[in-house]
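These are the residues of each chain, in order.
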Amino acid sequence: MYAHEIDINKAGFHAAMEALMMDDPHPDDGFQDCPSHWLQRALYAYEWAKRTFLTQDLGFTLYQELPRPGEAREAVLLHEVTQQEKRALR
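The present account deals with the structure reproduced in this document. On a predicted model such as this, the values are computed, not experimentally measured, just so you know.

### Structural notes on helix α3 (residues 71-89)
Step number 1: Between its terminal C-alpha atoms α3 stretches 27 Å, which fits the 27 Å expected from 19 residues at 1.5 Å a residue.
Step number 2: Among all positions in α3, only E71, A72, A75, V76 and E80 are buried.
Step number 3: Along its buried surface, α3 packs onto α1 (10-20) and α2 (35-52).

### Comments concerning α1
Step number 1: Buried residues of α1: A11, G12, A15, A16 and A19, and no others. Projected down its long axis, α1 carries its buried residues within an arc of 130°, all on one side.
Step number 2: N-cap assignment for α1: the residue whose side-chain oxygen lies 3.2 Å from the backbone N of A11 is N9.

### As for the environment of A15
Step number 1: Turning to its location among the elements, A15 is positioned in helix α1.
Step number 2: As a C-alpha pair, A15 and L66 span 51 residues in sequence and 8.3 Å in three-dimensional space.
Step number 3: Here A15 is in contact with A45, W48, A49, P67 and A72, once residues within four sequence places are set aside.

About the thresholds
- Residues numbered from 1 in each chain as written.
- Predicted model: local features only at pLDDT ≥ 70, side-chain atom pairs only at ≥ 80, totals over all residues.
- Heavy atoms only, no water.
- Helix = DSSP H or I, 4+ residues; strand = E, 2+ residues; numbered from the N terminus.
- Expected span 1.5 Å × (residues − 1).
- Buried < 20%, exposed > 50% of the residue type's maximum accessible area, 1.4 Å probe, protein only.
- Contact = heavy atoms within 4.5 Å.
- Arc of directions from axis to C-beta.
- Polar contact = N/O pair within 3.5 Å; in protein donor to acceptor, adjacent residues only side chain to side chain.

Nothing here speaks to function; it is geometry throughout.
Next comes the structure, spelled out in structure tokens:
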């Protein structure tokens, strides 16, 4: 790879794009929907997919499974609910 190229995780990219399209409200009713919230969801989805869908070396090529439709959305919503529950316990 050349120094000026950026390595983008394909599964992460697909998950982030799905998260950017989410219109689900945040579990905390008082949370205002805003661009920083959209970015936070996309970044979480990207990192989640990177950890979940690992690249496999098949010897002659690299292979990476992509998240199924709705899978990233589910992961983001579960993460938000978990974070909200942790805040409620404080």
